[in-house]
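The chain contents come next:
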Amino acid sequence: MNELAEILIADDSKSNRLSLAAALSDLNADLLIASNGLETIRLATVHQPALIILDVDMPDMDGYQVANHLAGNGHTANIPIIFMETNFARHKATLHGNSIWPPELIYKPINYEQLNQRVVDLLVLAEYRNGIATIRQFEDEVEDEADEGIAGIDKSGRIRYCN
């Protein structure tokens, strides 16, 4: 990765936050720490981290409420989230509906080796996603500045795009 990625750790337990930070300290990343849902939303909005590791069972706003809030914000909607939960929290999720089940989920107690691998994989994906966004932005700028029309043609000669 070219720049240091930012990872947001959100857990109401200080010992869990410290354990997660220690486990991720070998990664080439800056760690942001939040102790509650509102702080998580604020830090995610300001920093737009590459990844959020989010405790599901927090007192003021649970992780599902935080995720739903972030999903509704265009600046934070695409930030990948790894949810941390206990079996109790799984039951609680059914109260929020099945549509918010995350693709990334780890259970407490945390297997830190597994967590590190998931984090690395998601950071690589985030780097690719950022690269694609940069290419699309460049393409849009070229189209806007072009004095002539630009057409995208596939191998069979059909026009697939035209400005």
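Treat the numbers as computed from the prediction; the structure is a model and nothing was measured.

S.K.: Can you tell me about the pattern of salt bridges, naming the residues and giving the values?
M.R.: This structure, assessed with the given rule, holds three salt bridges. Across the pair aspartate 11 and lysine 108 runs a salt bridge whose closest N-O atoms are separated by 3.4 Å. Of this pair, aspartate 11 sits in the loop between strand S1 (5-10) and helix H1 (14-23) while lysine 108 is found in the loop between strand S5 (104-107) and helix H5 (112-145), placing the two residues 97 residues apart along the sequence. Taking relative accessible area as the criterion, aspartate 11 reaches 1% and is therefore assigned buried. Lysine 108 sits in the partly exposed class, given a relative accessible area of 25%. The salt bridge involving lysine 108 is made with aspartate 55; its shortest N-O contact spans 2.9 Å. Taken together, the residues span a long stretch of sequence, with lysine 108 in the loop between S5 and H5 and aspartate 55 in strand S3 (residues 51-55) at a distance of 53 residues. Look at the salt bridges and you will find they share partners, linking Asp11, Asp55 and Lys108 into a network.

S.K.: Can you tell me about the sheet that holds strand S4 (residues 81-85), naming the residues and giving the values?
M.R.: Ordered in space as S2-S1-S3-S4-S5, the five strands form an open sheet in which the pairing is parallel. Since the sheet does not close on itself, it has two edges, and those belong to strand S2 (29-34) and S5, each with one partner. Each neighbouring strand pair of the sheet contributes to a mean axis angle of 20 degrees, computed without reference to strand direction. Taken together, the four bridges between S3 and S4 define a ladder with parallel strand orientation.

S.K.: Break down H1 for me, citing the residues and quoting the values.
M.R.: Owing to its 3.6 residues per turn, the α-helix brings residues three or four apart onto one side. The set of residues buried in H1 consists of Arg17, Leu20 and Ala23. Taken end-on, H1 shows its buried residues confined to a sector of 130 degrees, consistent with a single buried face. Every exposed residue of H1 that faces more than 90 degrees away from the buried side is listed here: Lys14, Leu18 and Ala22. Residues of H1 that are buried in the fold lie against S1, S2, S4 and H5.

S.K.: So what's going on with helix H2 (residues 37-47)? Which residues, and what values?
M.R.: All of the buried residues along H2 are Gly37, Thr40, Ile41, Leu43 and Ala44. Tucked into the core, H2 has its buried residues touching S1, S2, S3 and helix H3 (63-71). Between a side-chain oxygen at the N-terminus of H2 and the backbone nitrogen of leucine 38 the separation is 3.2 Å; the capping residue is asparagine 36. Just downstream of H2, glutamine 48 is the residue with a positive phi angle, here 45 degrees.

The rules behind each value
Residues numbered from 1 in each chain as written. Predicted model: local features only at pLDDT ≥ 70, side-chain atom pairs only at ≥ 80, totals over all residues. Heavy atoms only, no water. Salt bridge = Lys/Arg side-chain N within 4 Å of Asp/Glu carboxyl O. Helix = DSSP H or I, 4+ residues; strand = E, 2+ residues; numbered from the N terminus. Buried < 20%, exposed > 50% of the residue type's maximum accessible area, 1.4 Å probe, protein only. Pairing = 2+ DSSP bridges. Axes fitted to C-alpha atoms, helices over the stretch in contact; angles between N-to-C directions. Arc of directions from axis to C-beta. Contact = heavy atoms within 4.5 Å. Polar contact = N/O pair within 3.5 Å; in protein donor to acceptor, adjacent residues only side chain to side chain.

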